[in-house]
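Listed below are the residues making up each chain.
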Amino acid sequence: MSHVLSQTARLAPTVLPERRFGLRLPLLLLLAFVAVPLLGSDYWLGAILVPFLVLSLAGLGLNLLTGYAGQTSLGSGGFMAVGAFATFGFVVHGGVPLPLAVLFAGLVTAGAGLLFGLPSDRIKGFYLMVSSLAAQFFFEWLFQKFPWFYNYGSSGTITLPRLEAFGYDIGTAVGRYYVTLTVVVLLTWIAVNLVRSQTGRSWMAVRDMDTAAAVIGIRVYRSKVLAFAVSSFYLGVAGALWAFLYLGSASVQSFGISRSFQILFIIIIGGMGSIAGNFIGAAFISLLPLAIDHLAQAFFAGHVDAGLLQNIQKALFGVLIIGFLIKEPDGLARLFRTLGERLSSWPLRF
Amino acid sequence: MKRLVLTALLAASVATTALVPPAAFADSKEQYVPLPTYRVGPYASSGTLWWAGTLDYFRYINEVEGGVNGVKLKVEEFETEWSPDRTVEVYERVKNGKDGAPVAFFFTHGTPASYALIEKGAADKIPLIDPAGGRTESTDGTVFPYAFPLLFNYFSQASVGINYIAQKEGGFDKLKGKKIVTVYHDSAYGRETQAAVELLAKKYGFENFQIPVADPGNEQSPQWRQVREIKPDWVFLRTWGVSTPVAIKTAQRFGIPADRIIGDVWAGSEADVIPAGTAAKGYQALAPYPGGAGFEIHDRLRKTILDTGKSDLRDTKFFGAVYYNIGLINAVLAVEALRAGQAKFGNKPLNGEEGRWGFEHLTIDDARLKEIGFYGLLQPIKLTPADHEGGGAARIQQWDGDKWVLVTDWIQADRDTLRPLVEAKAAAYAKEHNITPRSPTAEN
Amino acid sequence: MNLFLETLIGGLLAGTMYSLVAIGFVLIYKASGVFNFAQGSMLLFAALTFVTLLEKGLPFAAALAVTIAILILGAILIERTVLRPLANRSPMTLFMATLGLSYVIEGAAQGLMGAQVHALDLGIEDVPIFIGDVLISQFDLVAAATAVTLALVLALLFNNTRIGISLRAVADDTRAALSIGINLNRIWQIVWAVAGIVGLVAGMLWGARQGIQFSLSLVVLKALPVLIIGGFTSIGGAIAGGLIVGAAENLAETYVGPYIGGGITPWFPYFLAIAFLYIRPAGLFGERALERV
């Protein structure tokens, strides 16, 4: 049974880069930058789309580490917390303007990720995954214990006074949506190029079998640690966005272990080793509970005990997760791709 | 085929969420009351009874009294699992009302959520209500016009605890040199009283020890070994959830008698002592929300709601449990605030600004308490625009192994001593956020 | 010195409570390679079912029997609906499926049996015993004895019964076991049922201490470092890991905690585990994977 340990990332598709988008990418961007803000209400922009984008970014971060480099981590929430608290620290203690603070915070998180990636030369598979909980619990403790991190407030909550970027007020729902979207598009573009570069290919070689990768001359340890650092950079930025552009304030509770699981769900459901999969997975994970809630309220409210109803919803969410894992082993990204291919040959096939 | 089903499911999920927020203001005769709740997860044991109390009282108002001066309450629940992130999403979903029925206030049902929403509430003009919780400095309504840590803020909780100890010791002068240990849940909630206890320790000369218990707190031997080494005169227990029964049991194991331990508001329900079994006998707790089903309001509810099968309680043996009464009291505070607002703006559904006016002019005296059936269960309360707490007292209840017994009348917190601390923190917040404190006297 | 001894002994005993939870993980991982995150929910479900039946008026033995029957049924159901369709998938997928499973079990437990906290009295006095000046908890002694007994019973089962031997065969080499006609599905059902029963024992002991409520499912977070120190595949390792974690975290909280603010028990065991893993990458008693190119 033990041989399975070395291949935890086997379900990642071996297809190398994403298919080229052709005309669809500009269309998608046009939709996101122009049509959505015109059509969406404040509720949709601020309470659905912003968190969706941030979760996609966090998923992207974890996917670089797990889907591409094959190192599983449950510390995502902890690294997001580092990003959020570091941003706060730079703004409040250092007087750094917000955009720069987020960038610095990303770098700090990358450093933290690098440190927690150091044991990855000897620890592998589930052992590594469970060890990564050390990061999760340590950061939760750290940011709660030392008041310096939250500027000596009476409770460990961080809030930024007024959201400003380059002199513009970005506190409105539309403003927050645009900033998040820009950051996410930019970082996604970087990620796409990264995974096609030599670095990305080394990661995939390490993921598929690190001993073999070492044999062909890839510096395995360096690749792994780099993956931890890059992944954490993304998670750190996502954490900062989550805290200040979505919630408006945060405490370690926003980055608990359930957040780590949520992000892991996103990449598994969406598709390991797929960039688009993160967006699909995030949409699924953030919209599904809301959808179940609406359906349940519409059909059952009043007929079933409210406590039972809420618990049924929770169980249903679990059932759907298992169902997707059984039916779509490669994640929703694969499902969409297959659908797209079928559609493109549609008149001929049906 | 399978694919088709999956895609359909996904499409349906997107489509249903798209149908959410029609936010036009038509005329409505109803007041919209959204409630973020948690019936799932680790905190559900407190939640389910709490919402039952709240829903039962709102139902009583709607069905027996015909609404608040004729305005029916349209209540809707949203599951959050006590996650502030999900509460924020719910808030955004409901802040514009529903089908024309406006929102006059929003119960955050949790301190972290209160923190997360505090600026949004101020910007959207929606009062955030968090009785016996919330951000302590938001007691200062001049800086926080839309946040209400109603009834009994965290500083008052610390103060009443110390005052009760003084009472037991026979006077404040007897506190000198005493050792008081606070065992607290290591979270924002747990630490919120530290500044207050420190101030009181200086004032009265007792020794202040603070010992943290990490969440969730299901193993506490190292902490109580430390407590035993200190040999404390009193222990103030500020835990929450599972850490409370474990604390009480571990204390017994280390030879610390339960009647020397005083629990906080959120460590003083049946769920906190029943699992501790006999170890909890003699344990005392602060009770701004006393337990028991013997108050006048309970008779009314029993007749009109419970016996007619309209109660939200799944098991009626919890009628009058501490958490059920928390629900009742929070509901009555909201209803009375609506009445106060209606007295000024007319008997119609109120919006957030009018709701705030209602809460800021909420006065419930003994006569009114008797009228609504809450005498003894709820303290007299009077809010002003500068004071968003309004109460600041609690009774003490003691667990006799079977039920909570009230052992004191209302003990008032030393609010004059603590007010400067609140104001200093509020002023710091105002400075950080460029808020000019309003002057309430300039308004009506 | 007394404080040190007391902390050490108390910690060692408390650690066996973690071992109890970790054993459930080991059983399932050994037989099916599944890292079963739902172990915590199973523990909650088992204990909650048991206490609900007790409160319905069933005698202790009957409640125990019915609970075990339900657990066996649950194991068969899980094997049929989750494990069998996911056979031969990557361990990661199976891990995620058990996360989904934990939602289902938790939803079922709270939905069906309510969210209320229940007291469970096993009749074990929780009063201190003094040996010299050193305080020892009677309850912890009973718990430790239970853990050790359980480990011994399981070891006997593995070594001396037919099922146990097939189980070890599956754990050693799944394909070879299949080829000699061992029914893999049946083995999985048995292992999950046994893990459920181990969960019931752990749940009863933890429940007697903290009340039977949702937080029981969180004790897995205490068991995970135990698991990686001891190795995923060794029951003896789970016991040893428990002792190490219990003693170390108690000593650390008492002697190091006060200097850095206290409350370090959630993360300290994980750092300890990393340190151990760095020396022995598959835990103290785990099997080192052979890598072939």
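Just so it is clear, the structure is predicted and the values come from calculations on it, not from any experiment.

Peer 1: Whenever I open this one, the overall build of chain C confuses me. Can you help?
Peer 2: Counting secondary structure elements, chain C contains eleven helices and two strands. Each helix and strand of chain C, ordered N terminal to C terminal, gives the series α-α-α-α-β-β-α-α-α-α-α-α-α. Its C-alpha atoms give chain C a radius of gyration of 19 Å, near enough to 19 Å, the size a compact globule of 293 residues would have. In terms of its C-alpha atoms, chain C occupies a principal-axis envelope of roughly 60 × 55 × 35 Å. Taking all contacts inside chain C whose residues are at least 6 apart in sequence as the whole, residues at least 24 apart take part in 76%.

Peer 1: What am I meant to see in the interface of chain A and chain C here?
Peer 2: Contact residues are listed per partner, giving 45 residues for chain A and 46 residues for chain C. Elements with a contribution of two residues or more to the side of chain A that touches chain C: helix 5 (125-131), helix 6 (133-145), helix 9 (210-215), helix 11 (257-270) and helix 13 (306-327) of chain A. When residues of the side of chain A that touches chain C are assigned to their parent elements, the largest contribution, 13 residues, is made by helix 13 of chain A. Of the residues in the side of chain A that touches chain C, the class split is 30 nonpolar, ten polar and five charged.

Peer 1: For this particular structure, what's the right way to read the pairing of strand 1 (residues 128-131) of chain C?
Peer 2: Side-chain direction in a regular strand flips from residue to residue, so the side chains alternate between the two faces of the sheet. All names here are of chain C. When strand 1 meets strand 2 (residues 134-137), the two strands line up antiparallel, connected through four bridges. Its bridge partner lying in strand 2, Ile129 is registered against Ile136. With antiparallel pairing between neighbouring strands as the criterion, strand 1 and strand 2 make up a hairpin whose turn holds two residues, including Gly132 at a positive phi of roughly 65°.

Peer 1: Explain helix 10 (residues 235-255) of chain C here, please?
Peer 2: Each full turn of the α-helix corresponds to 3.6 residues, which orients residues three or four apart in the same direction. Given a rise of 1.5 Å per residue, 21 residues ought to cover 30 Å, and the 30 Å separating the end C-alpha atoms of helix 10 of chain C matches this to within 8%. Within helix 10 of chain C, 17 of the 21 residues are buried, leaving the element largely enclosed by the surrounding structure.

Peer 1: Honestly, the interface of chain A and chain B in this entry has me stumped. Any pointers?
Peer 2: When the parts of a complex come together, some accessible area is lost, and that lost area is often used as the size of the interface. At the junction of the two partners, chain A supplies 34 residues and chain B supplies 40 residues. Of all the elements in the fold, those that place two or more residues in the side of chain A that touches chain B are helix 2 (42-68), helix 12 (275-300), helix 13 and helix 14 (332-344) of chain A. Element by element, the count of residues in the side of chain A that touches chain B is highest for helix 12 of chain A, at eight residues. Here the side of chain A that touches chain B is built from residues that sort into 13 nonpolar, 17 polar and four charged.

Peer 1: Looking at this structure, I do not really get the sheet that holds strand 4 (residues 128-129) of chain B. What am I missing?
Peer 2: Sheet strands line up and pair through hydrogen bonds in the backbone, either parallel or antiparallel. Residue and element names in this part refer to chain B. Strand order in this open sheet of three strands is 3-4-5, and the pairing throughout is parallel. What marks the edges here is a single partner per strand, and that holds for strand 3 (106-107) and strand 5 (147-148). Across two bridges, strand 3 lies against strand 4 in parallel orientation. Paired with Phe106 across the bridge in strand 4 is Leu128.

Peer 1: I tried to follow unusual backbone geometry on my own but got confused; where do I start?
Peer 2: For residues that are not glycine, phi is negative in most cases, and the peptide bond is trans in most cases. Cis geometry marks the peptide bond from B:Asp215 to B:Pro216; its omega dihedral reads -5°. Within the secondary structure, B:Pro216 sits in the loop between strand 7 (207-213) and helix 8 (221-230). Even without being a glycine, B:Asp99 presents a positive backbone phi close to 50°. Judged by C-beta crowding, with 13 C-beta atoms within 10 Å, B:Asp99 ranks as partly exposed. For C:Asn88, which is not glycine, the phi torsion reads 70° and is therefore positive. Along the chain, C:Asn88 turns up in the loop between helix 3 (60-83) and helix 4 (91-113).

Peer 1: Help me out: how do you make sense of the packing of helix 2 (residues 44-63) of chain B against helix 11 (residues 296-306) of chain B in this one?
Peer 2: The packing of two helices is summarised by the inter-axis angle and the distance between the axes. All names here are of chain B. Running from N to C, helix 2 and helix 11 cross one another at 75°; their axes reach a closest spacing of 10 Å. For the element pair helix 2 / helix 11, the angle class is roughly perpendicular. Residues Asp56, Arg59 and Tyr60 of helix 2 form the contact with helix 11, whose participating residues are Leu301, Thr304 and Ile305. When its residues are assigned to classes, the contact of helix 2 with helix 11 shows three nonpolar, one polar and two charged.

Peer 1: Where do I start with helix 1 (residues 2-32) of chain C in this structure?
Peer 2: Residue and element names in this part refer to chain C. With 31 residues, helix 1 should cover 45 Å at 1.5 Å per step; its first-to-last C-alpha distance of 45 Å lies within 8% of that length. Of all the bends in helix 1, the greatest measures close to 30° and is centred on Val21. With 24 of 31 residues buried, helix 1 lies mostly within the body of the structure.

Peer 1: Before we go on, may I ask you to explain the confidence of the model for chain A in this structure?
Peer 2: Predicted coordinates in areas of low pLDDT are best not read in detail. All names here are of chain A. Per-residue confidence for chain A averages 84 on the pLDDT scale, and 89% of its residues sit at or above 70. Mean pLDDT across the secondary structure elements of chain A bottoms out at helix 15 (residues 346-349), with 58, and peaks at helix 4 (residues 98-117), with 95. Under a pLDDT of 50 for its full length, residues 1-11 has, in the predicted model, 35 contacts with residues more than four places off or in other chains. The low-confidence segment residues 13-18 (pLDDT under 50) makes eight contacts with residues lying over four places distant or belonging to another chain.

Peer 1: Explain the nonpolar core to me, please; I cannot follow it from the model alone.
Peer 2: Counting residues in each nonpolar core, the largest one holds 355 residues, and the members touching the most others are A:Leu57, A:Leu241, C:Ala47 and C:Val191. Here the element with the most residues in this core is helix 10 (residues 220-247) of chain A; it accounts for 19 residues. For this core, the two domains that each supply at least three residues are domain 1 (2-153 + 291-392 + 422-432) and domain 2 (154-290 + 396-414) of chain B. Those residues within four positions of A:Leu57 in sequence are excluded, and the remaining contacts are A:Val184, A:Leu187, A:Tyr234, A:Val237, A:Ala238 and A:Leu241.

Thresholds applied
In this convention, every chain numbers its residues from 1, walking through the sequence in written order. For naming, the first written chain is A and the first written ligand is 1, with later ones following in the order written. Totals for whole chains, interfaces and linings use all residues, but because this is a predicted model, local features are given only for residues with pLDDT of at least 70 and pairs of side-chain atoms are given and counted only at 80 or more. Runs of H or I in DSSP of at least four residues are treated as helices and runs of E of at least two as strands, each being numbered from the N terminus. It is over C-alpha atoms that the radius of gyration is taken, and the globule rule equals 2.2 Å times the number of residues to the power 0.38. Any residue pair is listed as a contact if its two C-beta atoms, each placed from the backbone, are within 7 Å. Under the scheme applied, nonpolar residues are Ala, Val, Leu, Ile, Met, Phe, Trp, Tyr, Cys and Pro; charged residues are Asp, Glu, Lys and Arg; polar residues are all the others, including Gly. Note: two strands are recorded as paired if DSSP finds a minimum of 2 bridges between them. Given a helix with a known number of residues, its expected span is that number minus one, times 1.5 Å. Labels follow a simple rule on C-beta atoms placed from the backbone: if 20 or more others lie within 10 Å of a residue's own, it is buried; if 12 or fewer, it is exposed; otherwise it is partly exposed. Whenever a helix is involved, its axis is fitted only over the stretch in contact; in every case the axis is a line through C-alpha atoms, and angles between N-to-C directions fall within 0 to 180 degrees. An angle below 35 degrees is read as roughly parallel, one above 145 as roughly antiparallel, one from 65 to 115 as roughly perpendicular, and any other as oblique. A residue's bend is given by the angle between axes fitted to the 7 residues ending at it and the 7 residues starting at it. The predictor attaches a confidence to each residue, called pLDDT, with possible values from 0 through 100. As used throughout, a nonpolar core is a set of buried Ala, Val, Leu, Ile, Met, Phe, Trp, Tyr and Cys residues joined through C-beta atoms within 7 Å of each other. All domain edges in this entry derive from an automatic or database-based domain assignment.

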